[in-house]
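Here are the chains, one letter per residue:
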Amino acid sequence: MGDTAAGLLQLVALLLALAAVWRPLGDWMARVYTSPTHGRGERVIYRLTGIDPDSDQRAGTYAVSILAFSLLGIVVLYLVQRLQGVLGFDQGHGAVDPGVAFNTAISFVTNTNWQSYVPETTMGAVTQMIGLTVQNFVSAAVGMAVAVALIRGFVRSRSGGRIGNAWVDVVRGCTRILLPLAAVVAIVLLALGVVMSLHAGADVVGVDGRASTIALAPAASQEAIKELGTNGGGVFNANSAHPFENPDAVTNWIEIFALLVIPVSLTRTFGRMVGNQRQGVALLGVMATLWGAMLAIIWTAEAHATGPAAVAAGANLEGKEVRFGIPSSALFANSTTSTSTGAVNSLHDSYSAFGGGGTLLNMLFSEMTPGGVGTGLYSILVVAVVAVFLAGLMVGRTPEYLGKKLGRREVTCAVVVVLAMPAVVLLGTGLAIALPSTGGALGNSGPHGLSEVLYAFASAANNNGSAFAGLTVTGPFFQTALGVAMLIGRFLPIVAVLALAGLLARQPRVEPGAGTLATDKPLFSVLVVGTIVLVAAITFLPALALSPIAEGLS
Amino acid sequence: MTVRHPETMRPVDRPPREAQEVHAERSGRVGAGAFRPAQLLESLPEALRKLDPRVQIRNPVMFVVWVGSVVVTVSAVVSPSVFAWLIAVWLWFTVVFANLAEAVAEGRGRAQADALRRTRTDTVARRLRPGGTVEEVPATALRLDDRVVVEAGQTIPGDGEIVDGIATVDESAITGESAPVVRESGGDFSSVTGGTTVLSDRIVVRITTRPGESFVDRMIALVEGAQRQKTPNEIALTILLAALTIVFLLAVVTLQPMAGYSGAQQSLVVLVALLVCLIPTTIGALLSAIGIAGMDRLVQRNVLATSGRAVEAAGDVSTLLLDKTGTITYGNRRATALHALPGVGEAELARLARLSSLADSTPEGRSIVELCASGFGLAPEASAEEARAEFVPFSATTRMSGVDVTGPDGSVESIRKGAVASVLDWLDACGSGDDRARAHIEAVAQEISSRGGTPLACGHVNGFGRQDDQFHSHGGAIELSDVVKPGIAARFAELRTMGIRTVMITGDNPVTARAIAAESGVDDVLAEATPEDKLALIRQEQSGGRLVAMTGDGTNDAPALAQADVGVAMNSGTTAAKEAGNMVDLDSDPTKLIGVVEIGKQMLVTRGALTTFSVANDLAKYFAILPAMFLVIFPQLAALNVMHLATPESAILSAVIFNALIIVALIPLALRGVRFRPMGSDAMLRRNLLVYGLGGVVVPFVGIYLIDLVVRFIPGIG
């Protein structure tokens, strides 16, 4: 089978599999967040932590709960890293450097999983398991909780701004969605040869006769939640390019499926909760359109070898695993940057200008095609709010979305969410590139160097976590600046989204009539696609013109 | 003010004029606010006055342009070049053009305000003193509860209520309506407006407003835009535009270090030019003009809104409460059928009916004559001979009217028509009762009533005044019924496509109400409606999140008018009604409510369309400016120069010029409003996206290209 044919087969299989799971998983998640009953295990958790699971929180309380929980997560994760030498099972790595620990704590709590360290030589098994893995679950659950809270804002009528219980949402996201799914995926990956070991490494003698140690890790369990929770932080430095994390085409396909499945199915959850499936389908259409278009760009760009080395080799394979080839690499790269995963099975830095630019643009779309678990849904809902505000005027009514009027305060919240990321990326990149020290950190000069910095801030502010690896980010400036970018990129939108949810929940819900803008039709999907592309284009075109565009046109 | 088609007489109850009104609205639609290019020139001084930064700061988008203009001007002074000076000049033009849009919109109202102000200042009031004597004081000296005497030919000095007398009043100064109206003490037609003129009789008016707060004063403030506050939707849009501006500011500011890294440091002039081109100046410049023009369009239709908020709410209305009488049907019942007794013959009944009504000037009477003319070919005017007959007017005691015709032989034929029981009793009193005929007429009358109509009986007595040789006969029954205005059903169908539900309010019984409802195509009916019912219905609609609009004129309508999101009070109505509503219709034409809704929608559509246009413009401007900025270091970016602009300078200058000129080009559109036709939301969205979204992408490519063809010949640019 040819390369392209194999790629297409994978693509079709992926789409079919997602289509098959979309409905049952989406419905299940809707039930998880609407069911009034608590599980026995959950009740134990609530009792131990002193939470009243039946209290209905106002938006403010909900936000404070989420922020406090995340802050606690950062502090604990920082301490675990700093104390891993004391805690044991550190495989001899000792305490993690403060800069790395700071950046990593933020990175994992914000669901970014940006890794400014080499896992094999930095993180012990304890840190991996009780620190990073825990955050892989709960940070994903936080994203879903916020999305569900926003949906409740649309659904509830005159609720006085009450949008559910943050603690219950987070707990249920873990116990009823992420843990069961991760268990299944982990077992499948384990069966397919992904490594699962508490040993630090295995001593082997290579073909050249020299002895070396190959690092081992509890990879299979990590790998499952890494993809399902759109986290992306690998236990090995090479991430999903490493044969112990991602041995072959089948595991590669499963990992792509795993990182897409929850964000995609959440559109069904949304449709079900608002009582109109077509609302969810309209947003799914937006996600699919942009995901498909970007895949076409990246795949095409990579399939056409440019540059003397690639032309001589016959294919643009620099930075790609031969066992995956171009289509599987493009598929993975497109999916990991269009969700907020950031796991990589190839080096995006080595992609062609337009291929690499495509992965960058995926993130600059603000990660909603389909985006991270929960974050993708709430981001696209907010863009839909902005699109409705613009287009709603054009049907001659004060704009309303899902029966809720969009006034001054609602629009304010929405623009904060939409514009937070571009502001952070532009300011960060501008500041970084203006600093004389940055020159030394760049892996390349010229437009590609600028791409590396832009990519780093786009990845951090969008909580993606993938890297254009050429940039050295271990210096204090980047550790701090990217850490701050991750924090703002995560929590400013969350606070604004929850404020929006509260404002919406306070309103009465109006049944849409013939005069209201239909938001469950293809025309609306086109409008949202247009809004996403336009916002990204008008904010980032100047920067992109100096980086991938200038590089690609040369 | 607008002068509407003149009429000879305009009584308090509304004549069939509204038939024309419905048609006029159908063909005219909303819009058609005339715009003269000369207005631009007239408003220029005001536009220059608005360059004051304290004025500019109220509009965040244009304030950024203002600051940019200052920066570029300074930098052109410091390091002069043709390019820098041209950019500076065109940036100032951009600000002035934006001011011009607002000034033109305000100027249109000011002309109207000046005319109104004249009526107010030179009026002399004749105040009644406690002793009953009259003193002359200036109108501005009147206080609350002063009583003034106004006689024929005098101007009413202030808003008030007639406490004594009846008069015809010329309200054309306020309404533009030349036909006089009748005002009288007591009842729902007692309020008068300062500035209007009494044509006949004498009235005593109790002043009900303080000086400076009169209707005319409020009107002046409104049309001048002095009290204008941003509406909720306008504020939301301003926030969005401000946020976009901030992001573009960041994009441009952070571009400089990136450009520096790439080896192409940009001059301040170029960066400001880029910023101004990117921020949504088109909508930013026109936003307030759109709002003022929306109010102005209402004023042109003789509707005064107390706030822009009310106009905006009108666009959102999803339920219209319409009074049956005057809105859906003609104000009065009209004769629609004749039911002759067996053996009498319809022609004979028609003769009787016509004769008895010839001198009857009530609308019912006239409609009977018209029916006889159209249905039986009888002359609509009285012949000279018929005119000599003796008219017996309607009285409350007899409840009949008619005519006594003296024949050539001296015999007298008395014809009467009126309330069924009265006419039948009269006939009985004249001679032998015909029980069969009586029973038949009563049965027909019963049937007419059950259809929702009003039955009248008609009969005659012939003879020489002696009881014994009189011949008398029951002629039959005349059916009067409500007539639905032509075209109203189509209007309701249009409203339905716009997603607006219509509810007919009537005091009729449910059976009658449903019959009218079915004929007019109204969506729902509130029959036997009391003011409490109306209020309850409004609350119920609102609890479902729907916005409700209604019209009203009586004092008992006031609570409902106040509760409704859009309450249009009729100018002919009571002061209480006018205080409670948030709009006043000077023509007192309830049909206009539909037009008010369309104006509200049109204003919102215009805002959305121009915002979309403005943002879509940015794409072309990037294609003009980005290659121009970085061509030196990245020659490959010439591929983006799809417009083949001559030089970097000409490209940037062309974009700036386009950005300024498009504002002027769109002023007429902002003032007139985009074309609005009632259609479903999907169709409307598709159309506007195509015109203003796609158009917004394409137009600047063409415009910038054309401007570049000219500016490339300027030395130092090309």
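Refer to the structure presented above.
The structure displayed is predicted, hence computed values, not measured ones.

Rules used in this analysis
Counting restarts for each chain, with residues numbered from 1 along the sequence as it is written. Written order decides the labels, with chains lettered from A and ligands numbered from 1. Reporting of local features is limited, given that this is a predicted model, to residues whose pLDDT is at least 70; pairs of side-chain atoms are given and counted only at 80 or more, and all residues count toward the totals for whole chains, interfaces and linings. Heavy atoms from the whole structure form the basis of all side-chain values; hydrogens and water molecules are not counted. Residues form patches when they are more than 30% accessible in relative terms and have no salt bridge. Like charges link within 9 Å. Nonpolar side chains (Val, Leu, Ile, Met, Phe, Trp, Tyr) link within 5 Å. Only the protein chains shown count as cover for residues, with accessible areas throughout obtained via the Shrake-Rupley method and a probe of 1.4 Å. A pairing counts as a salt bridge when a side-chain nitrogen of Lys or Arg comes within 4 Å of a carboxyl oxygen of Asp or Glu. Under this rule, positive means Lys or Arg and negative means Asp or Glu; His and the chain ends count for nothing. The location of each charge is read from NZ of Lys, CZ of Arg, CG of Asp or CD of Glu. In this description a helix means any DSSP run of H or I spanning at least four residues, a strand means any run of E spanning at least two, and both kinds are numbered starting from the N terminus. A 1.4 Å probe that fits but cannot get out identifies a cavity on a 1 Å grid over protein atoms alone, an open set with protein on both sides within 12 Å along at least five of seven lines counts as a pocket, and a residue lines either if it has an atom within 4 Å of a point. Grid points are joined across faces, edges and corners, and a volume is the space filled by probe spheres set on the points. All amino acids are sorted into three groups, where Ala, Val, Leu, Ile, Met, Phe, Trp, Tyr, Cys and Pro are nonpolar, Asp, Glu, Lys and Arg are charged, and the leftover types, Gly among them, are polar. The disulfide criterion used throughout: a pair of cysteine sulfur atoms within 2.5 Å. The contact rule is simple, with two residues in contact once any of their heavy atoms fall within 4.5 Å. Once two parts are joined, some of their accessible surface, as seen by a 1.4 Å probe, is lost; buried area is that loss totalled over both. For this analysis, a polar contact is any N or O atom pair within 3.5 Å, provided that within protein one partner can donate a hydrogen and the other can accept it, and provided that sequence-adjacent residues contribute only side-chain to side-chain pairs. Only protein chains enter the calculation, and the probe is 1.4 Å; a residue is then buried if its accessible area is under 20% of its type maximum, exposed if over 50%, and partly exposed in between.

1. Quick look at a positive patch on the surface
- A cluster of basic side chains, namely R58, R408, R409 and R506 of chain A, defines a positive patch on the protein surface.
- With respect to the secondary-structure elements, R506 of chain A resides in helix α19 (residues 476-506).

2. Brief notes about the layout of surface pockets
- Of the voids in this model, the second largest pocket is the one considered here, and its volume is about 680 Å³.
- T398, K405 and G407 of chain A together with P232 and R309 of chain B are the residues nearest the centre of the second largest pocket, which is lined by 23 residues in total.
- Those elements that place two or more of their residues in the lining of the second largest pocket are α16 (408-434) of chain A together with α9 (232-262) and α12 (308-316) of chain B.
- Of the residues belonging to the lining of the second largest pocket, the class tally is 8 nonpolar, 6 polar and 9 charged.

3. Thoughts on the state of the cysteines
- Across all of its chains, the model carries 0 disulfides over all chains by this definition.
- Free cysteine C458 of chain B: the closest other cysteine sulfur is in C372 of chain B, separated by 8.9 Å.

4. Observations concerning the interface of chain B and chain A
- Counting from both sides, the interface comprises 58 residues of chain B and, opposite them, 56 residues of chain A.
- Three residues stand out in chain B for area buried against chain A, namely M258, Y261 and L685 of chain B, and they jointly supply 14% of the buried area on that side.
- Linking chain B with chain A are 1 salt bridge, by the criterion used here.
- As a salt-bridge pair, K521 of chain A and D682 of chain B come within 2.9 Å of each other at their nearest N and O atoms.
- Inspection of the chain B/chain A interface yields 10 residue pairs in polar contact (both at pLDDT 80 or more).
- By residue number, the principal contributor to the side of chain B that touches chain A is α9 of chain B, which donates 19 residues.
- Along the lines of polarity and charge, the residues of the side of chain B that touches chain A split into 34 nonpolar, 17 polar and 7 charged.

5. Considerations on the pattern of salt bridges
- Applying the stated criterion across every chain yields a total of 46 salt bridges over all chains.
- For the salt bridge of D52 of chain B with R54 of chain B, the shortest nitrogen-to-oxygen distance reads 2.6 Å.
- Using a relative accessible area of 22% as the deciding quantity, one classes D52 of chain B as partly exposed.
- With a relative accessible area of 66%, R54 of chain B lands in the exposed category.
- When the shortest N-O distance is used, the salt bridge between R127 of chain B and D146 of chain B registers 2.8 Å. Here R127 of chain B is found in strand β1 (residues 124-128), whereas its partner D146 of chain B is found in the loop between β2 (134-138) and β3 (147-151), with 19 residues between them in sequence.
- Note on D146 of chain B: relative accessible area 14%, which makes it buried.
- One salt-bridge network, in which partners are shared between bridges, spans E223, K226, E227 and E245 of chain A.

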